[in-house]
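Structure at a glance
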Amino acid sequence: MSKTAKFTQFIRQKLLTKNRLILINEDTFEEKFSFQLNLMNVFVIIMISSISLIAMTTYIIAFTPLREYIPGYASSELKKNAVELALKSEQLEKDLQKNQAYIESVQKLLRGELEYAVFDKDSIAAKDAMVETSKMKTTKDELKLREEVDREDKFNLFEKAASKVSLVFFSPVKGIITDGFDAKKKHFAVDVAVPKDTPIKSVANGTVVFADWTPSTGNTIIIKHREGILSVYKHAALLTKAQGDVVKSAEVIGLAGNSGSETTGVHLHFELWKDGFPIDPTQFINFE
């Protein structure tokens, strides 16, 4: 018999030789369990187990959501969601910047802060031309005509703004009107005399865009409503709402008082604006 045949026979005997695994009670030496196996059986079991494990892992990675928890794996859905979230966050940031700029402009307007424009060469040249033009003499009749036209244009704008209002307003307070709306005197509000600490209520649903103290108007709150309408409440003794709060119609937003330098007694200074133009509140609200 050749060496190759002997080696093959030796391997076959090793693989096919049956062995018995026996479990015996250590105290009584009683046989509890036993079974026969050989190296071939062990090899087959290991191969089947390995193939099953590989197949199961492949199935999990390819067809189940668990694949998303594998480090370094990125699905198309995850990428899509990430892009959508990035776009939404960018849009929210832009909206936040616009709202912040709007609120800052309202605050500066209430505080009387004015920003001076920075002129370039073209604007300076235009300014010089305007100065030269202003040197031209105009008659008294022309000046009077210009003033009347300007007044009529302003009143027309006020009337157009008022005609576009469709909201139903709730009265902020009930009292006596001591000073009414007068565009000619540039008093774009109504002053309502009320007892101290009278609750001030929102005229409609909206969002508080300004709630702070100013030297001239004291505690002031401005609420933005739909249709481009702003309601303004000045000289309050106390504000119960803060900037960014959402308020409902007839909800208390403060208490009437006499705060600020531009006041002579306890009252509510109330303004109503539509698209940047003041409108007479008494056209929509009964204060008495």
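Right above here is the structure, for reference.
These notes cover the structure that comes with them. (Residues numbered from 1 in each chain as written. Predicted model: local features only at pLDDT ≥ 70, side-chain atom pairs only at ≥ 80, totals over all residues. Heavy atoms only, no water.)

Okay, the packing of aromatic side chains next. Evaluation of the coordinates by the stated rule reveals 5 aromatic pairs. Aromatic pair F169 and F284: ring centres 5.9 Å apart, planes at 70 degrees, arrangement edge-to-face. With F169 in the loop between α5 (140-163) and β3 (176-179) and F284 in the segment after β12 (277-279), this pair connects stretches of sequence that are 115 residues apart. With a relative accessible area of 10%, F169 lands in the buried category. For F284, a relative accessible area of 24% gives the class partly exposed. An aromatic cluster is present here, built from F181, F188 and W273 joined pairwise through their rings. (Phe/Tyr/Trp six-rings, centres within 6.5 Å; stacked < 30°, edge-to-face > 60°. Helix = DSSP H or I, 4+ residues; strand = E, 2+ residues; numbered from the N terminus. Buried < 20%, exposed > 50% of the residue type's maximum accessible area, 1.4 Å probe, protein only.)

We now examine the pairing of strand β7 (residues 218-225). Regular strands have side chains that alternate between both faces of the sheet. For β7, the tally of buried residues reaches 7 of 8 residues, placing the bulk of the element in the interior. Two elements, strand β6 (residues 206-214) and β7, share 7 bridges in a ladder whose sense is antiparallel. When the bridges of β7 are listed, T207 appears paired with K224. Connecting β6 to the antiparallel partner β7 that follows it, the hairpin turn spans 3 residues. As defined by bridge partners, β7 adjoins strand β8 (residues 229-239) across 6 bridges and the pair is classed as antiparallel. Paired with H225 across the strands is I229, a residue of β8. Linkage of β7 to β8, two consecutive antiparallel strands, is achieved through a turn of 3 residues, within which E227 is found at a positive phi near 65 degrees. (Pairing = 2+ DSSP bridges.)

Mapped onto the elements of the fold, H187 is located in the loop between β3 and β4 (190-193). By relative accessible area, which is 15% here, H187 ends up buried. One polar contact links the side chain of H187 to the main-chain carbonyl oxygen of G180, over a distance of 2.9 Å. Not counting the four nearest positions on each side in its chain, H187 is found in contact with D179, G180, F181, D182 and H269. (Polar contact = N/O pair within 3.5 Å; in protein donor to acceptor, adjacent residues only side chain to side chain. Contact = heavy atoms within 4.5 Å.)

Of all hydrophobic cores here, the largest spans 26 residues; its most connected members are F169, I200, V203, I223, Y233, I253 and F270. Broken down by secondary-structure element, the contributors of at least two residues to this core are β4, β7, β8, β10 (252-256) and β11 (267-274). The residues touching F270, leaving out its near neighbours within four places in the chain, are P172, A189, V190, V203, S231, V232, Y233, P281, I285 and F287. Ranked by size, the runner-up nonpolar core spans 7 residues in total, among them V106, V209, F210 and V232. (Core = buried A, V, L, I, M, F, W, Y, C linked by side-chain atoms within 4.5 Å.)

So, about the pattern of salt bridges. Using the criterion set out here, one finds 6 salt bridges in the structure. Linking K94 and E90 is a salt bridge whose minimum nitrogen-to-oxygen distance equals 3.9 Å. A residue pair is termed a helical-turn pair when its members lie 3 or 4 positions apart in one helix, as K94 and E90 do in helix α3 (residues 76-111) at 4 residues. On the accessibility criterion, E90 (42% relative accessible area) is partly exposed. Here E271 and K234 are joined by a salt bridge, their closest N and O atoms 3.0 Å apart. Of this pair, E271 sits in strand β11 while K234 sits in strand β8, and the two are 37 residues apart along the sequence. (Salt bridge = Lys/Arg side-chain N within 4 Å of Asp/Glu carboxyl O.)

By themselves, these observations are geometric and do not establish any function.
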